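Chain residues, written in single-letter form:
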Amino acid sequence: MRERFRAGDPAALGEAYDEHARALFQYAYRMCGDRASAEDVVSATFLEAWRCRGKVHAEGGSLRPWLFGIATNVLRGAAREARRRDAALARMPDRGVLPDFSDAVDSRLADEERLRAARVALGRLRRREREVFGLVVWAGLDYATAGEALGVPVGTVRSRLSRARERLRALAEAELRAGRRRARSGAGVGAVADGPSLSVSDGRTVLVPRTSPEKPV
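Calculation criteria
- Residues numbered from 1 in each chain as written.
- Predicted model: local features only at pLDDT ≥ 70, side-chain atom pairs only at ≥ 80, totals over all residues.
- Heavy atoms only, no water.
- Helix = DSSP H or I, 4+ residues; strand = E, 2+ residues; numbered from the N terminus.
- Buried < 20%, exposed > 50% of the residue type's maximum accessible area, 1.4 Å probe, protein only.
- Contact = heavy atoms within 4.5 Å.
- Areas by Shrake-Rupley, 256 points an atom, 1.4 Å probe, with all protein chains shown as cover.
- Polar contact = N/O pair within 3.5 Å; in protein donor to acceptor, adjacent residues only side chain to side chain.
- Patch = residues over 30% accessible without salt bridge, like charges linked within 9 Å, V, L, I, M, F, W, Y side chains within 5 Å.
- Salt bridge = Lys/Arg side-chain N within 4 Å of Asp/Glu carboxyl O.
- Lys, Arg positive; Asp, Glu negative; His and termini not counted.
- Charge placed at Lys NZ, Arg CZ, Asp CG, Glu CD.
- Phe/Tyr/Trp six-rings, centres within 6.5 Å; stacked < 30°, edge-to-face > 60°.
- 1 Å grid on protein atoms, 1.4 Å probe; cavity = no way out; pocket = protein on both sides within 12 Å on 5 of 7 lines; lining within 4 Å.
- Points joined across faces, edges and corners; volume = space filled by probe spheres on them.
- Nonpolar A, V, L, I, M, F, W, Y, C, P; charged D, E, K, R; others polar.
- Expected span 1.5 Å × (residues − 1).
- Arc of directions from axis to C-beta.
- Core = buried A, V, L, I, M, F, W, Y, C linked by side-chain atoms within 4.5 Å.

1. Quick look at the overall build of the protein
Thinking step 1. Of the regular secondary structure elements, the protein holds 8 helices and 2 strands.
Thinking step 2. Secondary structure elements of the protein occur, N-terminal to C-terminal, as α-α-α-α-α-α-α-α-β-β.
Thinking step 3. The burial tally for the protein puts 37% of its 217 residues in the buried class.
Thinking step 4. In the protein, the share of contacts with a sequence separation of at least 24, taken over all contacts with a separation of at least 6, comes to 69%.
Thinking step 5. With an accessible surface of roughly 12400 Å², the protein has 50% of that area assigned to carbon and sulfur atoms.

Shown next as structure tokens:
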């Protein structure tokens, strides 16, 4: 696979997409919280991978670590662009309060709100801790694969993930409480009932939205 991908075999690109696109989509969706944006991340990841295919070592195992590393870089760029866009919007004059249509779509937003609370908590972590958490917990990579994706040793993955776990539970629970208060006061778009699941298994804290994203098309 690596040799064919490196050589520019279109069939190898298709095989890589079939094997890894769903996992990349789930990772991107959970990190950015929007299906359309996640699809864009997957597309950009494979476009960049194909453009840089000459950098793939001919020998080695799965392309997954390399692809997740590219996806992480794409997400970083998207986050920078979002910050610039938000800053530009903040400079625009206030045009008043828009009507709230949340009651009509509350049931459709429930899962997104739970994911939003999880993402807010995750976003308060340091970027390096957030990326490690996303790759290991949400994308399901093992420590070695996550380290390869990020270009860091396994020990660094372990230490960053340990710090992330220590802070994430408290941050997520605080955000859920704040969401409920905003909902009760009418400032939010709906209650964040039952929030994302926070559980500890084999010493690992897992933060999971209620539903899984759809398979990319």
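2. Considering the side chain of arginine 30
Thinking step 1. With respect to the helices and strands, arginine 30 occurs in helix H2 (residues 10–32).
Thinking step 2. A residue is classified by how much of its surface remains accessible, and arginine 30, at 11% relative accessible area, is buried.
Thinking step 3. Within the structure, the side chain of arginine 30 is placed 2.9 Å from the backbone oxygen of tryptophan 138, a separation counted as a polar contact.

3. Let's talk about a positive patch on the surface
Thinking step 1. Among the surface-exposed residues, Arg177, Arg180, Arg181 and Arg184 lie close enough to one another that they form a single positively charged patch.
Thinking step 2. Relative to the elements of secondary structure, arginine 180 occurs in helix H8 (residues 154–185).

4. What about the packing of aromatic side chains?
Geometrically, a pair of aromatic rings is defined through the distance of the ring centres and the angle of the planes.
Thinking step 1. Applying the stated criterion across every chain, the model contains 6 aromatic pairs.
Thinking step 2. With centroids separated by 5.3 Å and ring planes inclined at 90°, the aromatic side chains of phenylalanine 5 and tryptophan 50 adopt a geometry described as edge-to-face. Placement of phenylalanine 5 in helix H1 (residues 2–6) and of tryptophan 50 in helix H3 (residues 35–51) is noted, with a sequence separation of 45 residues between them.
Thinking step 3. By relative accessible area, which is 0% here, phenylalanine 5 ends up buried.
Thinking step 4. Since its relative accessible area comes to 21%, tryptophan 50 is described here as partly exposed.

5. Structural notes on the layout of surface pockets
Thinking step 1. A volume near 200 Å³ is recorded for the second largest pocket.
Thinking step 2. Along the walls of the second largest pocket sit Arg2, Lys55, Val56, His57, Pro65, Trp66, Gly69, Ile70, Asn73, Glu148 and Ala149, which together make up its complete lining.
Thinking step 3. Put simply, the parts of the chain that give the lining of the second largest pocket at least two residues each are helix H4 (64–90) and helix H7 (143–150).
Thinking step 4. With 5 residues, H4 is the single largest residue contributor to the lining of the second largest pocket.
Thinking step 5. Tallied by class, the residues present in the lining of the second largest pocket amount to 5 nonpolar, 3 polar and 3 charged.

6. Observations concerning H3
Thinking step 1. If you check H3, its first and last C-alpha atoms are 24 Å apart, about what 17 residues at 1.5 Å a residue would give, namely 24 Å.
Thinking step 2. Every buried residue of H3 is accounted for by Ala38, Val41, Val42, Thr45, Phe46 and Ala49. Down the axis of H3, the smallest arc covering the buried residues is 125°, so these residues share one side. For H3, the exposed residues lying more than 90 degrees away from the buried face are Asp40, Leu47 and Arg51.
Thinking step 3. The opening residue of H3, the one whose side-chain oxygen lies 3.2 Å from the backbone nitrogen of alanine 36, is aspartate 34.

7. Considering the pattern of salt bridges
Thinking step 1. Counting across every chain of the model gives 7 salt bridges.
Thinking step 2. A salt bridge links aspartate 9 to arginine 4, with the nearest nitrogen and oxygen atoms 3.2 Å apart.
Thinking step 3. Judged by relative accessible area, aspartate 9 falls into the partly exposed class, the value being 24%.
Thinking step 4. Given the relative accessible area of 31%, arginine 4 is considered partly exposed.
Thinking step 5. Sharing partners across several salt bridges, the network here consists of Arg4, Asp9 and Glu15.

8. What about the nonpolar core?
Thinking step 1. Ranked by internal contacts, the top residues of the largest apolar core, which has 46 residues, are Tyr27, Phe68 and Leu135.
Thinking step 2. Broken down by secondary-structure element, the contributors of at least two residues to this core are H2, H3, H4, helix H5 (102–123), helix H6 (127–138), H7 and H8.
Thinking step 3. In terms of residues, this core owes the most to one element, H2, which gives 10 residues.
Thinking step 4. Ignoring anything within four residues of it in the chain, the contact list for tyrosine 27 reads Phe68, Ala71, Thr72, Leu75, Glu131, Gly134, Leu135 and Ala139.

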